[in-house]
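Residue strings, one per chain:
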Amino acid sequence: MSAATGADAPLLSTALHDLHVELGAKMVPFAGYDMPVQYPAGILTEHLHTREAAGLFDVSHMGQIRIRAESFTAAAAALERLCPADFMGLKPGQQRYSFFTDNAAGILDDLMVTRMGPGDESDHIFMVVNAGCKDADIAHLKANLNGRCEIEVLGDRSLVALQGPKAAAVFARLAPESAKLKFMSGAKLKAAGCDVIATRSGYTGEDGFEISVANSDIVAFTRKLLTEPEVKPIGLGARDSLRLEAGLCLYGNDITEKTNPVEANLVWAMQKRRRDEGGFPGAGIVQRQLAEGPARKRVGILPEGKAPARAHTEITDQQGRIIGEITSGGFGPSLGAPVAMGYVETAHAATGTAVNLMVRGKALPAKVAAMPFVPHRYQR
C-alpha cells in the first residue's frame, strides 16, 4: 500500500466512485484518485467491523499488470532481474510479496506477484502495484523487460478487498471454489456470475481476498457483496489503521527509495537462493548488510499514555540524543491505544527498549515493541 501523492493533476476516479458517493462516503484525494476515506459510520466503527466481521475496500486505484514470455520460467527469470524474490520457484497459483530495488538497494515500490494459468509453462505473472507508483513501475518494467516479456496493463479491471474473519464464509457463497484457496494463493473463479481473479491476501492482518473484476461488472458485483449481512464498506482511514496494527509497511512512509530491505526487516521476503545468488539491483549492499548487520532497523513503537506519535516524530534515547524517526503512527482501535513504527539505531532496536518521542516539543515515554501489534489471522 502506498501513501498519497501531492500531484496537482486532475483527480482520477475508480469505477466505484458513484457508488461511494451514494453510500455517503467522505471523498479525499489519494495517490491521484478521488477515494473514500470513510463512510458515515466512521473510521473507528469501520476498523472494528473489519476485525469482527467483513469489510469491503475499493483498491481499484492500484495497478494490475500481466507479464508473459515464451514460458513462465522465462517471465519469472526476467522479473528476478528487478526484484529479490524467488519467482522461478513459484508453484501454480502461488503468490509472493516482493519489491523493486534500485542500485543502492532502495525500495522503489512493493508489490504482489502471483503465478496464474493452467499450471504449466504457459502460465503468466499477475502483478499488483501501488497506485502512487504504478506509472513509474510500468515504465520500469517496460524499460527493463521489453524484448523478454509482454507487459500488459489491465486498465479494464477493478480491484476490491474483502477482509475479516467472516470474509471467507461470505465469498464462498458467491464463489464456492474460493474455499480451496489458502493464504498467498490465487485462481480464476466464477463469483456471482462474474469471471474474477481472486487471491487470498490483503493488507489488514485478517483473512480475506483481493478480487479483480472487470470494470463492466464491478458495480453489480460490489452491490452483491454489500447485500451480505456481514459486509460493510470500509474507507482508506480504517485501511491505514488496520495495516498499522498488523505491522505492515506503507510505501512512501515506512519503505521508500531511501530504505533497504534489510533495515526494513523485510529479509523474509527475499528467499535464500536470491539472498545467496544476488542478481538484482543493489544485491551487493543487501548481502553486505546481511553479513554485517544494518545501522538501523524498522521497529514497532508503543507510546505510553494516549497521545499518538505521527510520522516524522523524532525518537530519542534516555539522554535526549536523536536515534531515529517515526514513519507511521496513530491510534490502534483494536488495542485502544496509540501504535507506531519507525527506524531506530540498531543498538536501540531490541524489544522493550525505553525511548522518548518528541511530540510538540515534549519528550513522551515509549517502548520498542514487537510487531504485529494485533496477531495476524491468515488462513494458512
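Data block above holds the structure.
First, a word on what this report is: a plain description of the structure on this page. Source: prediction; values computed, not measured.

**What to know about the sheet that holds strand E3 (residues 54-58)**
In any sheet, the strands associate via hydrogen bonds between backbone groups, in a parallel or an antiparallel arrangement. Taken together, 6 strands build an open sheet; the order of strands is E10-E11-E12-E9-E3-E13 and the sheet is mixed. Of all strands in the sheet, those with a lone pairing partner are strand E10 (186-191) and strand E13 (231-233), marking the two edges. Neighbouring strand axes in the sheet, compared pairwise and without regard to direction, differ in orientation by 30 degrees on average. Bridge analysis of E3 against E13 gives 3 bridges, and the strand direction is parallel. Bridging across to E13, Leu 56 finds its partner in Pro 233. The strands touched by helix H5 (residues 167-174) within the sheet are E3, strand E9 (157-163), E10, strand E11 (194-199), strand E12 (208-214) and E13, with E12 carrying the most contacts at an inclination of about 35 degrees.

**Digging into helix H2 (residues 43-52)**
Listed in full, the buried residues belonging to H2 are Glu 46, His 47, His 49, Thr 50 and Arg 51. On its buried face, H2 sits against strand E2 (33-38), E3, E9, E13 and helix H7 (236-245).

**Focus: the layout of surface pockets**
Counted as a void, the largest pocket has a volume near 820 Å³. Among the secondary structure elements, those contributing two or more residues to the lining of the largest pocket are strand E5 (95-101), strand E6 (107-116), strand E7 (124-129), strand E14 (296-303) and strand E19 (362-369). A per-class count over the lining of the largest pocket returns 24 nonpolar, 11 polar and 6 charged.

**Comments concerning unusual backbone geometry**
Leaving glycine out, the prevailing phi sign among residues is negative, and the prevailing peptide bond configuration is trans. Residues Met 371 and Pro 372 are joined by a peptide bond in cis, for which omega reads 5 degrees. For Pro 372, the location among the structural elements is in the segment after E19. Residues other than glycine seldom take positive phi values, yet Ala 192 does so here, at roughly 50 degrees. Within the secondary structure, Ala 192 sits in the loop between E10 and E11. For Asn 265, which is not a glycine, the phi torsion comes out positive at approximately 60 degrees. Its location among the elements puts Asn 265 in the loop between H7 and helix H8 (272-277). A relative accessible area of 37% means that Asn 265 is categorised as partly exposed.

Here is what the cut-offs are and how they apply
- Residues numbered from 1 in each chain as written.
- Predicted model: local features only at pLDDT ≥ 70, side-chain atom pairs only at ≥ 80, totals over all residues.
- Heavy atoms only, no water.
- Pairing = 2+ DSSP bridges.
- Helix = DSSP H or I, 4+ residues; strand = E, 2+ residues; numbered from the N terminus.
- Axes fitted to C-alpha atoms, helices over the stretch in contact; angles between N-to-C directions.
- Contact = heavy atoms within 4.5 Å.
- Buried < 20%, exposed > 50% of the residue type's maximum accessible area, 1.4 Å probe, protein only.
- 1 Å grid on protein atoms, 1.4 Å probe; cavity = no way out; pocket = protein on both sides within 12 Å on 5 of 7 lines; lining within 4 Å.
- Points joined across faces, edges and corners; volume = space filled by probe spheres on them.
- Nonpolar A, V, L, I, M, F, W, Y, C, P; charged D, E, K, R; others polar.

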